[in-house]
Amino acid sequence: FHLDSHQSNNDVFGISQKMEQIRMSSRSQSSHRSNKSGDFSQFFIEVARLKNEFTKLYGGENSARFLLHSGITTFQPSGRRENQTDVKSIPYGLTHTATRILNAKRNNRPFKVSFAGYSVTVGRGNYFHQSYPFVLEKLLKKPMSFLGITLQIRNAAIGGVPSFPYGWCLENFLGEDVDVISWDFSMNEAGGVPNGLEAYIRHAMTLRRKPMMIVKDTGRNIAARRRELLQDYVDFGVLKDPVVLSIEDAMEEFATLSEDILPIGLREWRKFGAPKGAPGQAPHHPGVKEHELLGWLLAMHFLASLELVASDLVMDANVDKDPYNLVMPPPIYSKNVNPSELLSLFFGTEMSSHNATPMSWEMGPVYCRTTYDPILNGKLQDMVRSGSLGEDLDVMLPRGAKFYKHGWVLDLGKSEKLAKKMLQRYGGLGYIDSKQAYYGIYGSGSLELFIPCLGRDDISQSMENEDMVKHRARDCFKHLVVCEVNEKHITGHECRLDKDVSFRVGGVLSEITKPINMTGTSYWGRNICFDVDVPSKSILSNLGKSKETGIMIEVSVETASVMVNTGPCSLSHIIWQQLSSAK
């Protein structure tokens, strides 16, 4: 295998030699920092052990490094030139990742990596602990501990979800203080379409630490536009250290080799870790060896940055910044948002400017509440004021048709519950994801929810004076979106939230509910999210003694033919975008 010299100089194998050159060059410079990072001999021993194991598994050093270079794509700001002997010669992305890790160490906090995606990242067909996020955790936990850093890995992927509404709920699923996040929705966004990824990136950058992005994608030939998008956002200065993880690219040169000459780590490629016949053992789901390779590729990439931390060759930086204080470039792929007035919900809004240069954009506050698991905060159940039942029952217990006549029921869809029952035969395989939702039929009555107006003290304070004129809901709420469960529909008569359901918002019936059309917001060709108009006369209210300000929403099924057997209505996410200040 031919190894690119630039990649070889800057992978975990070449970085040690480069750092030795840097140290030798700096010895004659009195300005070089003399502060020592400490005795990390155990760390370097462990790194050497991991590199040795990696080469043994994947056919020797040359073969293993070829897999690493093929499967991990990094990005450098266009036009950046590198010297050969100083610290600037180390790729910008590696040094920025090292800065993130060092920031966690200096602030005595865990380094948090959260994975998003669907069934591939969940690990379907295998045990949950065999999924590649936990392979990465197993490989990196010890070397990071030798540097005094605690690693926290979270696998928050959910089987069969598109990138939105997930992308609106990153804080809920991944955490607001996460250091690294991932995107793995290529199966639902086939052909390398970049629209959904671009919107996802822009929302990811509202998280406190502007996290590193791991984009798990298909091969470079198919997903070229998404890689071009990542390069654009690196050049814009929005992304600092993204990587693309592609098993198709890594395996391209190995796919036609016979089993007997394959490296040991690539043999029995299609064997799953769960017992034979377990759910999820399908051609589009990776086997154990594929998950292991994915974990190894990521681990080798992070080890290069960890070597920089151990060698005291990066400067600390504050990555804990205001999540909304980030100027964005104009979006590149925003033309297919429909309805067009929802552009801000995906891509932000243009900032006013009198300059001749292209306008800058900013991401406004978008909030999410969901019934899905696993989440860290923001349960939709906590918004419900009345009209529901089933929250205190095991979600796997059956709910008969009569049950639905007493309110909206927290339940699993028919296909989801069947899948869970099949998993129970194998002990559940450790999975924690769940697509429970509130289900309602004609006769379930109204589901009442209170949506808070967050961070608007100007409105809350003025509403404390009972004599003041009431505030319109539009003083706070710019957009209101409801989403149904993403599941297959087979009867053809299932509920449609825009046709069979009424929404009373702030005491006024909303006359307009539109399906949202945008890459990443549909499932099996069906719209799952809907824009609910906030009527001009809708009023804000205070919630009981807490005096929390927001709007009451009443959701009711109006079509008599919507029954349990034909397909009930479901509510799994409520998303809202606020005006950040009075306008």
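Rules used in this analysis
Residues numbered from 1 in each chain as written. Predicted model: local features only at pLDDT ≥ 70, side-chain atom pairs only at ≥ 80, totals over all residues. Heavy atoms only, no water. Helix = DSSP H or I, 4+ residues; strand = E, 2+ residues; numbered from the N terminus. Buried < 20%, exposed > 50% of the residue type's maximum accessible area, 1.4 Å probe, protein only. Areas by Shrake-Rupley, 256 points an atom, 1.4 Å probe, with all protein chains shown as cover. Lys, Arg positive; Asp, Glu negative; His and termini not counted. Charge placed at Lys NZ, Arg CZ, Asp CG, Glu CD. Pairing = 2+ DSSP bridges. Axes fitted to C-alpha atoms, helices over the stretch in contact; angles between N-to-C directions. pLDDT = per-residue confidence, 0-100. Contact = heavy atoms within 4.5 Å. Expected span 1.5 Å × (residues − 1). Polar contact = N/O pair within 3.5 Å; in protein donor to acceptor, adjacent residues only side chain to side chain. Phe/Tyr/Trp six-rings, centres within 6.5 Å; stacked < 30°, edge-to-face > 60°. Lys NZ or Arg CZ within 6 Å of the ring centre and 35° of its normal. Parallel < 35°, antiparallel > 145°, perpendicular 65-115°, else oblique. Left-handed = near helix turned anticlockwise from the far one by under 90°. Core = buried A, V, L, I, M, F, W, Y, C linked by side-chain atoms within 4.5 Å. Disulfide = S-S within 2.5 Å. Salt bridge = Lys/Arg side-chain N within 4 Å of Asp/Glu carboxyl O.

A.B. asks: Describe in detail the overall build of the protein chain, supporting the description with residues and values.
C.D. replies: A tally of regular secondary structure across the protein chain gives 16 helices and 26 strands. Viewed in the frame of its principal axes, the protein chain has a C-alpha envelope of about 75 × 60 × 40 Å. Taken across its 583 residues, the protein chain has 57% of its residues classed as buried. Carbon and sulfur atoms form 50% of the exposed surface of the protein chain, whose accessible area is close to 25,100 Å². Side-chain charges in the protein chain split into 66 positive and 65 negative, and the spacing between the mean points of these groups amounts to 2 Å.

A.B. asks: Outline the sheet that holds strand E16 (residues 477–483), supporting the account with residue identities and numerical values.
C.D. replies: Taken in spatial order, the five strands of this open sheet run E10-E26-E16-E22-E19, and their pairing is antiparallel. For this open sheet the edge positions go to strand E10 (366–370) and strand E19 (513–515), each flanked by a neighbour on one side alone. Sheet twist, expressed as the average angle between the axes of neighbouring strands with direction ignored, equals 25°. Strand direction decides the pairing type here: E16 and strand E22 (residues 529–532), joined by four bridges, are antiparallel.

A.B. asks: Give me the confidence of the model for the protein chain: which residues, what numbers.
C.D. replies: When pLDDT is low, close inspection of the predicted coordinates is not appropriate. Looking at the protein chain, pLDDT values average 90 and 90% of them are 70 or higher. With pLDDT under 50 throughout, residues 30–37 is counted as low confidence; its partners more than four residues away or in other chains account for 11 contacts.

A.B. asks: I'd like a rundown of the sheet that holds strand E14 (residues 437–440), residues and numbers included.
C.D. replies: Taken in spatial order, the four strands make up an open sheet running E12-E13-E14-E25, and their pairing is mixed. Sheet topology places strand E12 (388–389) and strand E25 (569–571) at the edges, where each strand pairs with a single neighbour. Summarising the sheet, E14 and E25 pair through three bridges and their orientation is antiparallel. Its bridge partner lying in E25, Gly440 is registered against Cys569.

A.B. asks: Talk me through helix H3 (residues 41–57); I want residue IDs and the actual numbers.
C.D. replies: In this model, H3 (17 residues) spans 25 Å end to end at C-alpha, consistent with the 24 Å of a helix rising 1.5 Å per residue. Every buried residue of H3 is listed here: Phe43, Glu46, Val47, Leu50, Lys51, Phe54 and Thr55.

A.B. asks: Tell me about the side chain of Arg209, residues and numbers included.
C.D. replies: Within the secondary structure layout, Arg209 lies in the loop between helix H10 (195–204) and strand E5 (212–216). Reaching out from Arg209, the side chain makes a polar contact with the backbone oxygen of Asp177 at a distance of 2.3 Å.

A.B. asks: Mind laying out the packing of aromatic side chains, listing which residues take part and the relevant values?
C.D. replies: All told, the structure shown has 19 aromatic pairs when counted by the stated rule. Look at Tyr523 and Trp524: their rings are 6.5 Å apart centre to centre, the planes differ by 75°, and that puts the pair in the edge-to-face class. Positioned above the aromatic ring of Tyr431 is the side chain of Arg124, whose terminal nitrogen or guanidinium carbon lies 4.6 Å from the ring centre.

A.B. asks: Lay out the packing of H3 against helix H13 (residues 288–310) with the relevant residues and their values.
C.D. replies: Look at H3 against H13: their axes get within 11 Å of each other, and the N-to-C directions meet at 155°. What the angle tells us is that H3 and H13 run roughly antiparallel. Remark: the crossing between H3 and H13 carries left-handed chirality. In contact with Phe43, Phe44, Val47, Leu50, Lys51, Glu53, Phe54 and Leu57 of H3, H13 contributes Trp296, Leu297, Met300, Leu303, Leu306, Glu307 and Ala310.

A.B. asks: Give me unusual backbone geometry: which residues, what numbers.
C.D. replies: In this chain, Phe164 is followed by Pro165 through a cis amide linkage whose omega measures 20°. Here Pro165 lies in helix H8 (residues 163–166). Cis geometry marks the peptide bond from Asp373 to Pro374; its omega dihedral reads 10°. Along the chain, the position of Pro374 falls in the loop between E10 and strand E11 (384–386). In the Ramachandran plot, Asn108 falls in the positive-phi region, its phi being about 50° despite a non-glycine side chain.

A.B. asks: Lay out the nonpolar core with the relevant residues and their values.
C.D. replies: The nonpolar side chains of a soluble globular protein tend to be buried, and buried together. Ranked by size, the top nonpolar core spans 69 residues in total, and within it Phe54, Phe111, Leu140, Ile214, Leu266 and Leu293 carry the most contacts. No other element matches H13, which puts 14 residues into this core. The residues touching Phe54, leaving out its near neighbours within four places in the chain, are Phe13, Ala64, Leu68, Trp296, Leu297 and Met300. Membership of the second largest hydrophobic core comes to 62 residues, among which are Ala116, Ile158, Tyr372 and Met518.

A.B. asks: I'd like a rundown of the state of the cysteines, residues and numbers included.
C.D. replies: Applying the stated criterion across every chain, the model contains four disulfides. Disulfide partner of Cys169: Cys368, at an S-S distance of 2.0 Å. Between Cys169 and Cys368 the sulfur-sulfur dihedral comes to about 85°; the bridge is accordingly right-handed. On the criterion of sequence distance, the pair formed by Cys169 in the loop between H8 and helix H9 (170–174) and Cys368 in strand E10 is long-range, its members being 199 residues apart. An identical accessibility class is assigned to Cys169 and Cys368; each is buried.

A.B. asks: Describe in detail the pattern of salt bridges, supporting the description with residues and values.
C.D. replies: Tallying each qualifying case throughout the model produces 21 salt bridges. Notably, a salt bridge pairs Lys417 with Asp411, separated by 2.8 Å at the nearest N-O pair. Owing to a relative accessible area of 4%, Asp411 belongs among the buried residues under this scheme. Several salt bridges converge on common partners, so that one network encompasses Arg220, Arg227, Asp249 and Glu252.

A.B. asks: Kindly report on the side chain of Arg100, identifying the contributing residues and their values.
C.D. replies: Note on placement: Arg100 falls in helix H5 (residues 92–106). A polar contact of 2.9 Å, which involves the side chain of Arg100, links it to the backbone oxygen of Lys210. Setting aside its immediate chain neighbours within four residues, Arg100 contacts Arg109, Phe111, Asp179, Arg209, Lys210, Pro211, Met212, Lys240 and Asp241.

A.B. asks: Could you give me a rundown of the pairing of strand E4 (residues 180–183), with the residues and numbers involved?
C.D. replies: Of the two faces of E4, the one holding Val180 and Ser182 and the one holding Ile181 and Trp183 are both buried throughout. The pairing of strand E2 (residues 111–115) with E4 spans two bridges and is classified as parallel. If you follow Ser114 over to E4, its bridge partner there is Ile181. Looking at chain direction, E4 and E5 are connected through four bridges and run parallel.

A.B. asks: Describe the packing of H5 against H13, and please don't skip the residues or the numbers.
C.D. replies: Any two packed helices are characterised by the angle at which their axes cross and by the distance between the axes. Their axes nearest at 8 Å, the elements H5 and H13 cross at an angle of 65°. Here H5 is positioned roughly perpendicular relative to H13, judged by the angle of their axes. The element H5 and its partner H13 pack so that their crossing is right-handed. Only His301, Phe302, Ala304, Ser305, Leu306, Leu308 and Val309 of H13 make contact with H5, whose side of the interface consists of Leu94, Thr95, Thr97, Ala98, Ile101 and Leu102.

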